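Summary of the model geometry
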Amino acid sequence: MSLIRALMIDVEGVLVCGRPSDGRPWASTIEDDLGLSVAALQQEFFSPYWNEIVLGRAAPVDHLKPVLAKIAPHLPYDDFIAYWFENDARLNIKLQIPRQSAP
């Protein structure tokens, strides 16, 4: 059995820090861009479900699709996800992992 060596990093603000264009939070202009209320998204999706999603107890899609149907029926789920990942993608180039010399 071989060992897998992996490094896991909390990407929210550590490895990934905002929009590629300006570093602002990914949802900074979501109301203008997609017609989606940040407050409604926070209230209906992030507040009630995010902890369970982060802990792996729930899949984002299971909660996000019905929430979007309720608060933004004009917005397809796939369009929202594409927007989220495109806008939450600025890499923190200052984050450097020290290399260890081989034993």
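This text goes with the structure placed above it.
Definitions and limits used
- Residues numbered from 1 in each chain as written.
- Predicted model: local features only at pLDDT ≥ 70, side-chain atom pairs only at ≥ 80, totals over all residues.
- Heavy atoms only, no water.
- Phe/Tyr/Trp six-rings, centres within 6.5 Å; stacked < 30°, edge-to-face > 60°.
- Helix = DSSP H or I, 4+ residues; strand = E, 2+ residues; numbered from the N terminus.
- Buried < 20%, exposed > 50% of the residue type's maximum accessible area, 1.4 Å probe, protein only.
- Lys NZ or Arg CZ within 6 Å of the ring centre and 35° of its normal.
- Core = buried A, V, L, I, M, F, W, Y, C linked by side-chain atoms within 4.5 Å.
- Contact = heavy atoms within 4.5 Å.
- Salt bridge = Lys/Arg side-chain N within 4 Å of Asp/Glu carboxyl O.

This part takes up the packing of aromatic side chains. Remark: the centre distance and the inter-plane angle together describe each pair of aromatic rings, the angle taken between the planes. Under the defined criterion, the tally for this structure stands at nine aromatic pairs. Pairing Phe46 with Trp50 gives two aromatic rings, centres 5.1 Å apart and planes at 65°, and the pair type is edge-to-face. Separated by four residues within a single helix, Phe46 and Trp50 lie in helix H2 (residues 38–54), roughly one turn from each other. When the ring of Trp84 is compared with that of Phe85, the centres are 6.1 Å apart and the planes differ by 15°; the resulting orientation is stacked. The exposure class assigned to Trp84 is buried, which follows from its relative accessible area of 10%. Judged by its relative accessible area of 56%, Phe85 is exposed. Among the aromatic residues, those joined into a ring-pair cluster are Trp26, Phe45, Phe46, Trp50, Phe80, Trp84 and Phe85. In this structure, Lys65 packs its charged tip against the face of Tyr77, placed 5.2 Å from the ring centre.

A few words now on the nonpolar core. Nonpolar side chains in soluble globular proteins tend to end up buried together. One finds Trp26, Leu36 and Phe80 to be the most contacted residues of the largest nonpolar core, which totals 19 residues. Put simply, the parts of the chain that give this core at least two residues each are helix H1 (30–34), H2, helix H3 (60–71) and helix H4 (77–87). Other than its neighbours up to four places away in sequence, Leu36 contacts Ile30, Glu31, Leu41, Leu68, Ile71, Ala72, Leu75 and Phe80.

To continue, consider the side chain of Asn87. Position of Asn87 relative to the elements: it lies in helix H4. Residue Asn87 is classed as buried on the basis of its relative accessible area of 16%. The contact partners of Asn87, leaving out residues within four places of it in the chain, are Gly18, Arg19, Pro20 and Trp26.

Glancing now at the pattern of salt bridges. Where side chains of opposite charge bring their charged atoms close, a pairing between them can arise. Under the criterion given, the structure shown has three salt bridges. Of the charged contacts in the structure, one is a salt bridge between Arg19 and Asp22, with a shortest N-O distance of 2.5 Å. A salt bridge links Glu52 to Arg57, with the shortest nitrogen-to-oxygen separation between them at 3.6 Å. Classification of Glu52 by relative accessible area gives partly exposed; the value is 33%. By relative accessible area, which is 61% here, Arg57 ends up exposed.

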